[in-house]
Amino acid sequence: MDVKMSYFMVGVRHSGRTTELCYRERNYSKNTLRKAAHAWKRILELRLSEEEASKLRFYVDEPAYTDLHWGMFVPAIKGQGTDDQQQKWLPLAYKMQIIGCYAQTELGHGSNVQGLETTATFDPRTDEFVIHSPTLTSSKWWPGGLGKVSTHAVVYARLITDGKDHGVHGFIVQLRSLEDHRPLPGITIGDIGMKFGNGAYNTMDNGVLRFDHVRIPRNQMLMRVSQVTREGKYRQSDVPRQLVYGTMVLFTCSLLCTSLLTLPFGLSFNLSNLISSWTEFTQTCFMHLGGGALEVIDYKTQQSRLFPLLASAYAFRFVGEWLKWLYTDVTQRLQANDFSTLPEAHACTAGLKSLTTSATADGIEECRKLCGGHGYLCSSGLPELFAVYVPACTYEGDNTVLLLQVARFLMKTVSQLGTGKQPVGTIAYMGRIEHLMQCRSEDWLKPGQVLEAFEARAARMSVSCARNLSKFANPKKVLLVDGFAELSADLVEAAVAHCQLIVVSKFIEKLQQDIPGEGVKKQLEALCGIYYLSLLHKHQGDFLATSFLTPKQAALANDQLRALYTKVRPNAIALVDSFNYTDHFLGSILGRYDGNVYPKLYEAAWRDPLNESDIPDGYHEYISPLLKKQLGSARL
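Predicted model, so just to flag it, every value in this text is computed and none were measured. (Residues numbered from 1 in each chain as written. Predicted model: local features only at pLDDT ≥ 70, side-chain atom pairs only at ≥ 80, totals over all residues. Heavy atoms only, no water.)

Let's talk about the pairing of strand β5 (residues 152–161)
So the rule is basically this: Only protein chains enter the accessibility calculation, which uses a 1.4 Å probe; a residue is then buried when its area is under 20% of its type maximum, exposed when over 50%, and partly exposed in between. Helix and strand assignments come from DSSP, with helices taken as H or I runs of at least 4 residues and strands as E runs of at least 2, each series counted from the N terminus. Strands are treated as partners if at least two bridges between them are detected by DSSP.
The buried count for β5 comes to 10 of 10 residues, which makes it a mostly enclosed element. Across four bridges, strand β1 (residues 100–103) lies against β5 in parallel orientation. Note that in β5 the partner of alanine 103 across the bridge is valine 155. For strand β2 (residues 119–123) and β5, the ladder comprises three bridges, and the chain directions are parallel.

Spelled out as structure tokens, the structure:
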């Protein structure tokens, strides 16, 4: 941590995933606003760069309106606004003179962006757009920062000119007065209410928004790609549509890089946080069997549930490093007007977002169960971690919908195999489709053979889906929509296989680089083996169905997996501690570095507000009459 960041940490108390967020009242309060304001003050005082400021805001570790201002509002203007619009709005946003959010999702429309109902009708008489919510389901619903804080929003609405619907476009709309913060005329706005968990995202003011014929100037339509003239004519600009599409892909990639790569951020943090909470705790737990004591973590049933998650933390870390390279590569290509890799980049970011967030959310719940009853306590940190993380499976794209987007990319790739167009990048294996459809494994535990096993599985599942889809085509070979819908479950599985192949390949590539220390490399090799063998065990049916592996080889894989658990066990704590998270940052009594769990659990119980008095509130009205058989006089 550099000097600037260390200085900041002295000034801001890290909120942590502690019991303070798990008490019985909603924690969206002045405290959330205070932390965000203090973070902004430090950013100005320390003159932090945009990257440094992003890291600093994360250390507050509490969802707040600033997440959407910097993460969605500003990028939307940068990606979709003209040069003039950027010159007008970005300085105001960068100085926090306006606070923005991203108002796309509606009460009745989430992933179905093309189904949005909010309208923006151009009035040529006044040179204005009229923003309106024609139905209840057109109410904007969920945008973070909208409920109580944002002064402006990028609102997505159906553009209508001269009675013609041109589809969904973005508009900058002021929501609240910059003088007294009250909603402007025609705008109904508020918070959507308590969400999952006691703390978690309840520090974020997710909002509801309705428009009643709200007028905005024409130049507040984001017009980098599409424009409306003073006369009300709709036209395309000279900017390639792929450039804006590429900007949004880069934005998604940037978000994924942040969550996967930068410690102590994102998935690596979440997995190692929950693993810390469990492995440190189980070091202190023993089961007595046959007169002897055995640490809980030494049981293979426990290792088989925990160690694949530890391996996933490292796997996601390494694929995050690759995503950072992908981000740089796509950026350079866009600057040169090279859009050739955009479809692949979109498929990678969409698929890996789905794969990694689902795996992490499931892993958090698995570790809560592994901690027994203690994992259900807020002081364990796990309930808060679960509640704050699981929204990632649906926000910024529902995970199943994203996998279907990956599947479309794969089906298109398969359809082009006979055209002479050579697949490259993460789909290069498709270029060896004939070999992969016929090959069989020999010494498949070698890295090259393992990779080919995952390639064969992914290729054969994609080809199988493509063949089945062709049965739904009409005589003109036009693919019918209902075919894709009918096979959607199979397509999702094919997309998962492709994404798992990417993660496995990047883990193996990492091991082929220079890694300091022979012992470190051996542990990473063991973790890599655990990662791909646990996937093979979980999806054994896929590998056997594609005939790349025999049942005997699959059984040997399970034997090897158990051996790797034994190899990793002595270093499990060290492998988690290598992420270098302090007790303060983890905010978990069960994950304490000193292992002093039970005394601290006991102390935490007495800090609960219910224990401030021996006699509970309501005793005299309801408990005492019951005990004294005086319920007739109780105030029921």
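Remarks on the sheet that holds strand β8 (residues 207–211)
Spatially, the three strands line up as an open sheet ordered β4-β8-β7, and their pairing is antiparallel. Strand pairing shows two members of the sheet lacking a second neighbour, β4 (140–141) and β7 (187–191), which therefore form its edges. As paired elements, β4 and β8 share two bridges and run antiparallel to each other. For tryptophan 141, the partnering residue across the bridge sits in β8 and is valine 208.

Focus: the nonpolar core
As a reminder of what qualifies: Nonpolar core, defined: a set of buried Ala, Val, Leu, Ile, Met, Phe, Trp, Tyr and Cys residues in which side-chain atoms within 4.5 Å join the residues together. Whether two residues are in contact is decided by their heavy atoms: any pair within 4.5 Å suffices.
One finds Tyr314, Phe507, Leu527 and Tyr531 to be the most contacted residues of the largest nonpolar core, which totals 95 residues. When residues in this core are grouped by element, the largest group, 16 residues, is from helix α8 (residues 300–335). Beyond its immediate chain neighbours, meaning those up to four positions away, tyrosine 531 contacts Ala311, Ser312, Ala315, Phe316, Val503, Val504 and Phe507. Counting 35 residues, the second-largest nonpolar core is a separate cluster that includes Ile43, Leu56, Leu222 and Ala387.

Focus on the UniProt feature "active site" (unreviewed entry) in the chain
Inclusion rule: UniProt positions are given in the numbering used here, feature names are shortened, and annotations may be inferred rather than shown by experiment.
As recorded in UniProt, the sites labelled "active site" (unreviewed entry) are Glu396. With respect to the element layout, glutamate 396 can be found in the loop between α10 (382–389) and α11 (399–415). In contact with glutamate 396, other than residues within four places in its own chain, are Met72, Lys353 and Leu402.

Some remarks on a nonpolar patch on the surface
Stated precisely, the cut-off is as follows: Surface patches are drawn from residues lacking salt bridges whose relative accessible area is over 30%; two like charges belong together within 9 Å, two nonpolar side chains (Val, Leu, Ile, Met, Phe, Trp, Tyr) within 5 Å. Only the protein chains shown count as cover for residues, and all accessible areas are computed by the Shrake-Rupley method using a 1.4 Å probe. We define a salt bridge as a contact between a side-chain nitrogen of Lys or Arg and a carboxyl oxygen of Asp or Glu at a distance within 4 Å.
On the surface, Tyr622, Ile623, Leu626 and Leu627 cluster together into a nonpolar patch covering about 410 Å² of accessible area. Judged by relative accessible area, which is 52%, leucine 626 ranks as exposed.

Things to note about the packing of helix α13 (residues 447–470) against helix α15 (residues 488–511)
Relative placement of two packed helices is described by the angle separating their axes and the distance separating the axes. Stated precisely, the cut-off is as follows: Geometry is summarised by axes, namely lines fitted to C-alpha atoms with helices restricted to the contacting stretch, and by angles between N-to-C directions that run from 0 to 180 degrees. The scheme is simple: roughly parallel for angles under 35 degrees, roughly antiparallel for over 145, roughly perpendicular for 65 to 115, oblique for anything else. Left-handed describes a crossing whose near helix is turned anticlockwise from the far helix by less than a right angle; the clockwise case is right-handed.
Relative to each other, α13 and α15 sit at 160 degrees, their axes nearing to 9 Å. The angle between α13 and α15 places the two elements in the roughly antiparallel class. Crossing hand, α13 versus α15: left-handed. Residue-level inspection shows Pro447, Val450, Leu451, Phe454, Glu455, Arg457, Ala458, Met461, Ser462, Cys465 and Leu469 of α13 in contact with α15, the latter providing Asp490, Leu491, Glu493, Ala494, Ala497, His498, Gln500, Leu501, Val504, Ser505 and Ile508.

Comments concerning the pattern of salt bridges
This model, assessed by the stated rule, comprises 26 salt bridges. Across the pair aspartate 127 and arginine 218 runs a salt bridge, and its minimum N-O distance is 2.5 Å. Note that aspartate 127 is positioned in the loop between β2 and β3 (128–132) and arginine 218 in the loop between β9 (214–217) and β10 (226–228), a separation of 91 residues in sequence. A salt bridge links arginine 182 to aspartate 180, with the shortest nitrogen-to-oxygen separation between them at 3.9 Å. On the basis of relative accessibility, which here comes to 46%, the residue aspartate 180 falls in the partly exposed class. Connected through salt bridges with shared partners, the residues Asp123, Arg125, Glu128 and Arg215 form a single ionic network.

As for the packing of aromatic side chains
Quick note on the threshold: Aromatic rings from Phe, Tyr and Trp, with only the six-membered ring used for Trp, were paired whenever their centres fell within 6.5 Å, and each pair was classed as stacked if the ring planes differed by under 30 degrees, edge-to-face if by over 60, and tilted otherwise.
Considering all chains together, one arrives at 13 aromatic pairs under this definition. Measuring from centroid to centroid gives 5.2 Å for phenylalanine 318 and phenylalanine 507, while their planes differ by 70 degrees, and the two rings are edge-to-face. Taken together, the residues span a long stretch of sequence, with phenylalanine 318 in helix α8 and phenylalanine 507 in helix α15 at a distance of 189 residues. The burial state of phenylalanine 318 is the same as that of phenylalanine 507; both residues are buried. Taken together, the aromatic side chains of Tyr314, Phe318, Phe507 and Phe579 make up a single cluster linked through ring pairs.

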